[in-house]
Amino acid sequence: MRMSERSIRLGVVGTGYVGLTTGACFAHIGHHVVCGDIDERKVTMLNDGHIPIVEEGLETIVNESRAAGRLQFVLGSQAAAADADIVFLCVPTPQGDDGSADLSYIEQAAKEIASVLKPGAVVVNKSTVPVGSTLAVERVLQRDDVFVVSNPEFLREGTAVFDFLHPDRVVIGSADRAAAERVAELYASIDTPILITDPASAETIKYAANGFLAMKISFVNAVAAMCEAVGADVAAVVEGIGSDQRIGGQFLRPGPGWGGSCFPKDSRALVKIAEDHGYNFTMMRGVIDVNDEQLERMVAKIGAATGRVDDLSGVTVGALGLTFKAGTDDLRESPALAIISELRRLGAAVRAYDPTTVGELTPHQGVVLEGIELVGDALDIAEGADVVAVFTEWPEFSKIDLPQLAARLGRPVTIVDTRNLLDPALVREAGLVYEGVGRR
Ligand SMILES: NC(=O)c1ccc[n+]([C@@H]2O[C@H](COP(=O)([O-])OP(=O)(O)OC[C@H]3O[C@@H](n4cnc5c(N)ncnc54)[C@H](O)[C@@H]3O)[C@@H](O)[C@H]2O)c1
C-alpha cells in the first residue's frame with residue numbers, strides 16, 4: 001500500500017466503528033477527511049485525541065492523520081459534507097420491528113446534507129442497506145446534480161484498520177460508471193480487486209456475504225451438536241472438512257452462537273428482503289434458528305453443570321468475557337449477554353470479567369450490563385461461583401492460571417468453555433471439570 005497520488009476531499013457522516021475506521025484509513029492513505037457525528041461527547045473525545053472504541057491500530061492512524069492536517073472531527077453531518085467531493089454515510093441501520101433494516105438514520109442523514117452538498121458530489125452508502133436504498137437516498141436528496149453510490153463495508157471489528165487497508169475486495173455499485181470510478185479512485189493506492197456492479201447487486205453482495213458467514217458458524221455449531229451426540233471430536237471434524245479447498249477451514253469454529261452488531265440484524269434483514277420480493281429464504285431462516293438453539297444449548301450446559309435445569313436461584317455463574325468477540329469493546333447482540341440474560345431469568349447471579357469493561361463503563365455499556373456484578377480481574381469471578389463460563393475468546397483467558405482459578409473456586413466446579421479456548425487436559429489437571437462444545 002502506498003499514499004494516494006491524488007488527495008480527494010471526503011466527508012464521513014457517523015464516526016462509529018465503520019465511520020471512524022473509514023475516515024481514519026482514507027486520511028492515512030492521503031485523502032483529506034472531515035468526519036461528523038451527532039454525538040457531541042464522541043466528537044469532543046476525538047478532538048481531545050481519545051478514541052471512543054477499542055480497535056487495534058486506530059489511535060495511531062487517527063493521531064498521525066490529525067497531526068498531518070488530513071483528518072478533522074466536527075459536530076453534525078452538514079459540517080462534514082459541505083466541502084466534500086465524496087460523502088460517506090456510515091450511520092446505523094438497526095433492526096426494525098418486522099426484521100427489516102431501519103433506514104431512518106440513513107434518510108435523516110441524507111435529509112441533513114441535501115442542501116449543503118457541492119454540485120457533482122458523490123454520496124456513498126457505506127452503511128449496510130437493503131436493496132433499493134441507493135434509490136431511496138436519491139429520492140431523499142432530491143438533487144439532480146449529485147450521484148449516489150453503494151460501497152458496502154466488509155471490515156471485522158477487532159481488525160477493522162487492517163481489514164480496511166487490506167480488503168479481499170472493494171465492491172462499488174452505481175448506475176453511473178463515472179461516479180463509481182471516482183469512488184474506486186479513492187482506493188487506488190490499496191492493492192485489491194475492485195468490483196463495479198449495479199447498486200442492487202452491491203447491496204445484495206453485503207447481505208449475502210454476512211448471511212454466508214453466519215451460515216458457516218451455524219453449520220459448525222450444528223456439527224458440534226452432532227459430535228456430542230455421536231461421540232466425535234469437532235476439532236478433528238473441522239480439520240477434516242476444512243482442508244477440502246471447496247469448503248475452507250476459516251469461520252468453522254464452534255462457539256456460543258453468532259452475535260455482534262451485524263449478523264443478527266443482517267441475517268433477519270436478508271430473510272425480510274427476500275420475503276418482500278416474493279422469495280422464502282428457508283435456508284437463512286434455518287441459520288437463524290440454529291443460532292437461537294445454540295444459545296439455548298449453552299444455557300442448558302451451564303445449568304446442567306450445576307445439576308439444575310429450570311431453576312437456577314442460588315446459583316452463581318462466573319463469566320469470563322462479555323463482548324461478542326475478542327478484540328472489540330462492542331457488546332451489541334453479544335451471545336454472552338443473551339446467555340447471561342437467560343441465566344438471570346432462571347434465577348442465577350452472574351459475576352463477570354471482561355478486559356474492556358474494567359474501569360469506567362461507557363453509558364451504553366452501563367445500561368446493557370445492568371444486573372451483572374463486574375469484577376476487575378479474571379480470577380475474581382471465582383468468588384462463590386458454582387460454575388464458570390468462558391464466553392469470549394480473549395487470549396488472556398487461554399492463559400488463565402488454572403491452578404489458581406481452581407484454588408479460588410475451592411471445589412471441582414465445571415468450566416463451560418463455549419469457545420473451546422482452554423486445553424481440557426489442563427483444566428482437568430487443575431482439578432476442575434471441563435465441558436466444551438462438541439469436544440470431550
Ligand atoms: N460494525 C461493524 O463491524 C460493521 C461492519 C460492516 C458494516 N457495518 C454497517 O455500517 C453501519 C454503521 O455501523 P457502526 O457499527 O459503525 O455503527 P455505530 O453505531 O458504531 O456508529 C454510527 C454512528 O453514526 C452516528 N450518527 C447517527 N446519525 C447521524 C447523523 N445524522 N449525523 C451524524 N452522525 C450520525 C452515531 O452517533 C454513531 O456514532 C451499519 O449499517 C452497519 O451495519 C458495520
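Which parts of the structure should I look at to understand the overall build of the protein?
A tally of regular secondary structure across the protein gives 17 helices and 14 strands. Taken over C-alpha atoms, the radius of gyration comes to 23 Å for the protein, in line with the 22 Å a tight globule of 440 residues would show. In the protein, which comprises 440 residues, the share counted as buried stands at 54%. Summed over all atoms, the accessible surface of the protein reaches about 19000 Å², with 53% contributed by carbon and sulfur. Side-chain charges of the protein comprise 39 positive and 61 negative groups, with the mean position of each set lying 2 Å from the other.

How should the site of the ligand be read in this particular structure?
Around the ligand, a shell composed of 29 residues is seen, among which Asp 37, Lys 42, Thr 93, Glu 157 and Lys 265 lie nearest. At 3.0 Å from an oxygen atom of the ligand is found a side-chain nitrogen or oxygen belonging to Arg 332. When the free accessible area of the ligand is taken as 840 Å², the share hidden by the protein chains comes to 92%. Elements represented by at least two residues in the shell around the ligand include exactly α1 (17-28), β2 (32-37) and α5 (104-113). No other element matches the 3 residues that α5 contributes to the shell around the ligand. Grouping the constituent residues of the shell around the ligand by class yields 11 nonpolar, 9 polar and 9 charged.

Just checking my understanding: could you explain the pattern of salt bridges for this structure?
For side chains of opposite charge, pairing can occur when their charged atoms come near one another. Within this structure, the stated rule accounts for 25 salt bridges. Where Arg 6 meets Glu 185, a salt bridge forms, and the shortest distance between an N and an O atom there is 2.9 Å. Linking Arg 6 in the segment before β1 (9-13) with Glu 185 in helix α8 (residues 177-186), this pair joins segments that are 179 residues apart in sequence. Across the pair Asp 330 and Arg 332 runs a salt bridge whose closest N-O atoms are separated by 2.9 Å. The class of Arg 332 is partly exposed, set by a relative accessible area of 35%. Shared partners join several salt bridges into a network, and the residues in it are Glu 228, Arg 297, Lys 301 and Glu 435.

Would you take a moment to explain the nonpolar core for this structure?
For soluble globular proteins, the rule of thumb is that nonpolar side chains tend to be buried together. Membership of the largest hydrophobic core comes to 39 residues, with the highest contact counts inside it found for Phe 26, Leu 58, Phe 88 and Tyr 187. Ignoring anything within four residues of it in the chain, the contact list for Phe 88 reads Leu 10, Gly 11, Val 12, Val 13, Thr 22, Phe 26, Val 124, Lys 126, Asn 151, Leu 186 and Tyr 187. In terms of nonpolar packing, the next biggest core, distinct from the first, is built from 33 residues, Val 223, Cys 227, Val 234 and Leu 322 among them.

Would you mind going over unusual backbone geometry with me for this structure?
Most peptide bonds take the trans configuration, and most residues that are not glycine carry a negative phi. Backbone geometry at Glu 333 places phi at a positive 50 degrees, although glycine is not the residue there. In this structure, Glu 333 sits in the loop between β9 (316-320) and α13 (335-345). For Asn 420, which is not glycine, the phi dihedral falls at a positive 50 degrees. Mapping Asn 420 onto the fold places it in the loop between β13 (414-417) and α17 (424-429).

I would appreciate a short explanation of the packing of aromatic side chains in the present structure.
We describe a pair of aromatic rings using the distance from one ring centre to the other and the angle between the two ring planes. Taken as a whole and assessed by the stated rule, the structure comprises 8 aromatic pairs. When the ring of Phe 26 is compared with that of Tyr 187, the centres are 5.2 Å apart and the planes differ by 65 degrees; the resulting orientation is edge-to-face. Note that Phe 26 is positioned in helix α1 and Tyr 187 in the loop between α8 and β8 (194-197), a separation of 161 residues in sequence. In this pair, the class of Phe 26 matches that of Tyr 187, namely buried. A connected cluster of aromatic rings, assembled from ring pairs, spans Phe 26, Phe 88, Phe 164 and Tyr 187. We note Arg 169 situated over the ring of Phe 154; from NZ or CZ to the ring centre the distance is 3.6 Å.

Looking at this model, I keep getting lost on the pairing of β1. Mind explaining?
Looking along a regular strand, one sees the side chains alternate between the two faces of the sheet. Most of β1 sits out of view: 4 of its 5 residues are buried. Across 5 bridges, β1 lies against β2 in parallel orientation. For Val 12, the partnering residue across the bridge sits in β2 and is Cys 35. The β-α-β motif built from β1, the intervening α1 and the parallel element β2 has right-handed crossover chirality. Here β1 pairs with strand β4 (residues 86-89) via 4 bridges, running parallel. Directly across from Val 12, in β4, lies its bridge partner Phe 88.

I'm lost on the environment of Val 62 in this one. Help?
For Val 62, the location among the structural elements is in helix α3 (residues 58-67). It is 21 Å that separates the C-alpha atoms of Val 62 and Ala 188, two residues lying 126 residues apart in sequence. In this structure Val 62 touches Leu 20, Ala 24, Ile 51, Leu 71 and Phe 73, once residues within four positions along its chain are discounted.

What counts, and where the lines are drawn
Residues numbered from 1 in each chain as written. Predicted model: local features only at pLDDT ≥ 70, side-chain atom pairs only at ≥ 80, totals over all residues. Heavy atoms only, no water. Helix = DSSP H or I, 4+ residues; strand = E, 2+ residues; numbered from the N terminus. Rg over C-alpha atoms; globule rule 2.2 N^0.38 Å. Buried < 20%, exposed > 50% of the residue type's maximum accessible area, 1.4 Å probe, protein only. Areas by Shrake-Rupley, 256 points an atom, 1.4 Å probe, with all protein chains shown as cover. Lys, Arg positive; Asp, Glu negative; His and termini not counted. Charge placed at Lys NZ, Arg CZ, Asp CG, Glu CD. Near = heavy atom within 4 Å. Polar contact = N/O pair within 3.5 Å; in protein donor to acceptor, adjacent residues only side chain to side chain. Nonpolar A, V, L, I, M, F, W, Y, C, P; charged D, E, K, R; others polar. Salt bridge = Lys/Arg side-chain N within 4 Å of Asp/Glu carboxyl O. Core = buried A, V, L, I, M, F, W, Y, C linked by side-chain atoms within 4.5 Å. Contact = heavy atoms within 4.5 Å. Phe/Tyr/Trp six-rings, centres within 6.5 Å; stacked < 30°, edge-to-face > 60°. Lys NZ or Arg CZ within 6 Å of the ring centre and 35° of its normal. Pairing = 2+ DSSP bridges. Right-handed = clockwise from strand over helix to strand, strands pointing away.

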